[in-house]
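Topology and contacts: notes
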Amino acid sequence: MVTDVAKICRTFHHCGAVIISPFHLLTTAHCLWDYRDTTGIYYVRVGDNVIEVLDDEEQDFDIEKIDFHEEFGVGPYLNNDIAVVHIKRTGVSGGIRFGNKVGPACLPPRDLFLSPAINLTVSGWGKNGYDQPQRQKGTNFVSKLNMAVVPVIQRATCKEEKVYGPEKISLGMFCAGLLEGGPDTCQGDSGGPAVAFLRLAKFHETRATLVGLTSWGYGCGRENKPGVYTQVSAIKWTL
Ligand code: 4AZ
């Protein structure tokens, strides 16, 4: 989770992110792009559950630098929506301490085939509905980490005219959710993970494998407007 600091002592949840190493997280480029010249306003919080409470394994980190995808926004809207967040290396800090509630997601194999039948677990502190009135001034996100399970939608289906049409869904994106409407990610979930519990060849048990990053959609939970995710395995990015 990446939080931006509005004023000293007043901070807000801003976007989700995914730990991939003790010093690196992935998030969506659009989350951090507007203030890319003043990234000092952001910090990273891991191990959070209830925003207003100091949870067990909660840890905050300053950001050293952010690498945006070089072709973010080139082509369709929010194309290549990915960024690598580097945590500041200070003194003896070994970076993010992993525990029972804090840990990295596995990265997907480069050739991962996203079968439309596959179920993804999405999570975040985003809104419970797009059209809901603001809960509190300054933020209308939920206070406790939420999750949902959404099926991957076939690319051809997502490009149908009644869904997003042929132009908007690039090869670096995929859609997930139910076309009849229902569980979905929403504003505030952006940058957070869509994971599949996959058994990768090199492991003997299933691991949470990062498949997507919550990127965009028209509203939330609407009929024929599923969530759109950055397809992590289909985009070139480096640490
Ligand atoms: C947003 O505004 C947003 N229903 C994120 C995800 C979705 C829609 C909007 C998907 O950050």
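Residues numbered from 1 in each chain as written. Predicted model: local features only at pLDDT ≥ 70, side-chain atom pairs only at ≥ 80, totals over all residues. Heavy atoms only, no water.

Thoughts on unusual backbone geometry
We count it as follows: Only DSSP runs of H or I reaching four residues or more are called helices, and only runs of E reaching two or more are called strands; each is numbered from the N terminus.
For leucine 78, which is not glycine, the phi torsion reads 60 degrees and is therefore positive. Position of leucine 78 relative to the elements: it lies in the loop between β6 (59–68) and β7 (83–87). Of note, the phi angle at asparagine 224 is positive, near 60 degrees, even though the residue is not glycine. Examined against the element boundaries, asparagine 224 turns out to sit in the loop between β12 (207–216) and β13 (227–231).

Points about the nonpolar core
In plain terms, the rule: By nonpolar core we mean a set of buried residues, namely Ala, Val, Leu, Ile, Met, Phe, Trp, Tyr and Cys, connected to one another through side-chain atoms within 4.5 Å. A 1.4 Å probe rolled over the protein chains alone gives each residue an accessible area, and that area as a share of the maximum for its type sets the label: buried under 20%, exposed over 50%, partly exposed in between. In what follows, residue pairs with any heavy atoms lying within 4.5 Å of each other are defined as contacts.
Grouped together as the largest cluster of nonpolar side chains are 31 residues, with contacts concentrated most on Leu25, Val46, Ile96, Tyr164 and Ile169. The set of elements that each furnish at least two residues to this core consists of α1 (29–32), β5 (42–46), β6, β7 and β10 (173–176). No other element matches the four residues that β6 contributes to this core. The contacts of valine 46, once residues within four sequence positions are left out, are Ile19, Leu25, Glu57, Glu58, Gln59, Phe61, Ile96 and Val102. Within the second largest apolar cluster, 17 residues are counted, among which are Cys106, Ala148, Phe174 and Ala176.

Quick notes on empty space enclosed by the protein
Put simply, the rule reads: Every definition here rests on a 1 Å grid over the protein atoms only: cavities are sets of points where a 1.4 Å probe fits but cannot get out, pockets are open sets enclosed by protein on both sides within 12 Å along at least five of seven lines, and lining residues have some atom within 4 Å of a point. Grid points are joined across faces, edges and corners, and a volume is the space filled by probe spheres set on the points. Three classes are used, and their members are as follows: Ala, Val, Leu, Ile, Met, Phe, Trp, Tyr, Cys and Pro are nonpolar, Asp, Glu, Lys and Arg are charged, and the others, Gly among them, are polar.
Evaluated as defined, the whole model comprises one cavity of 30 Å³ or more. Taken as a whole, the largest cavity spans an internal volume of roughly 40 Å³. Considered class by class, the residues forming the lining of the largest cavity number four nonpolar, five polar and three charged.

Topic: the pattern of salt bridges
Between side chains of opposite charge, pairing is possible as soon as their charged atoms come close. Short version of the rule: We count a salt bridge whenever a side-chain nitrogen from Lys or Arg sits within 4 Å of a carboxyl oxygen from Asp or Glu.
Scanning all chains against the criterion turns up six salt bridges. Between aspartate 67 and lysine 65 there is a salt bridge, and its shortest N-O distance comes to 3.6 Å. Here glutamate 160 and lysine 162 are joined by a salt bridge, their closest N and O atoms 3.1 Å apart. Taking the relative accessible area as the measure of exposure, glutamate 160 reaches 34% and is therefore partly exposed. Connected through salt bridges with shared partners, the residues Arg45, Glu58 and Asp60 form a single ionic network.

So, the site of the ligand
Rules: Any residue with a heavy atom lying within 4 Å of a molecule or strand is counted as near it. Counted as a polar contact is a pair of N or O atoms within 3.5 Å, where, for protein atoms, one must be capable of donating a hydrogen and the other of accepting one, and residues adjacent in sequence contribute only when both atoms are in side chains. Only the protein chains shown count as cover for residues, and the accessible areas themselves come from Shrake-Rupley with a 1.4 Å probe. Think of it this way: if more than half of a molecule's atoms are within 2 Å of a pocket's grid points, that molecule is in the pocket or cavity.
Neighbouring the ligand are Asp184, Thr185, Cys186, Gln187, Ser190, Thr214, Trp216, Gly217, Gly219, Cys220 and Gly227. Contacts to the ligand include threonine 185, whose backbone N or O atom sits 2.8 Å from a nitrogen atom. In this structure, an oxygen atom belonging to the ligand sits 2.8 Å away from a side-chain N or O atom of serine 190. Protein contacts shield 90% of the accessible area of the ligand, which totals 300 Å² for the unbound molecule. Judged by its atoms lying within 2 Å of the grid points, the ligand is housed in the second largest pocket. For the shell around the ligand, the class distribution of residues is three nonpolar, seven polar and one charged.

Thoughts on the environment of lysine 225
Inspection of the secondary structure assignment puts lysine 225 in the loop between β12 and β13. For lysine 225, a relative accessible area of 17% translates into the label buried. Spatially, the C-alpha atom of lysine 225 lies 9.1 Å from that of cysteine 175, the residues being 50 residues apart in sequence. The residues contacting lysine 225, other than those within four sequence positions of it, are Lys162, Val163, Tyr164, Asp184 and Tyr218.

Some remarks on the environment of proline 76
Within the secondary structure layout, proline 76 lies in the loop between β6 and β7. With 62 residues separating them in the primary sequence, proline 76 and histidine 14 have C-alpha atoms 24 Å apart. Not counting residues within four places of it along the chain, the set of residues in contact with proline 76 comprises Glu167, Lys168, Ser170 and Met173.

Concerning the pairing of strand β11 (residues 193–198)
Moving residue by residue along a regular strand, the side chains alternate between the two faces of the sheet. Test applied: Strand pairing is defined by DSSP finding a minimum of two bridges between the two strands.
When you tally the buried positions in β11, you get five out of six residues, the bulk of the element. The pairing of strand β8 (residues 119–124) with β11 spans two bridges and is antiparallel. Bridging from a neighbouring strand, threonine 121 pairs with valine 195 of β11. By the bridge criterion, six bridges tie β11 to β12 in an arrangement that is antiparallel. Residue alanine 194 lies in a different strand from β12, and its bridge partner there is glycine 212.

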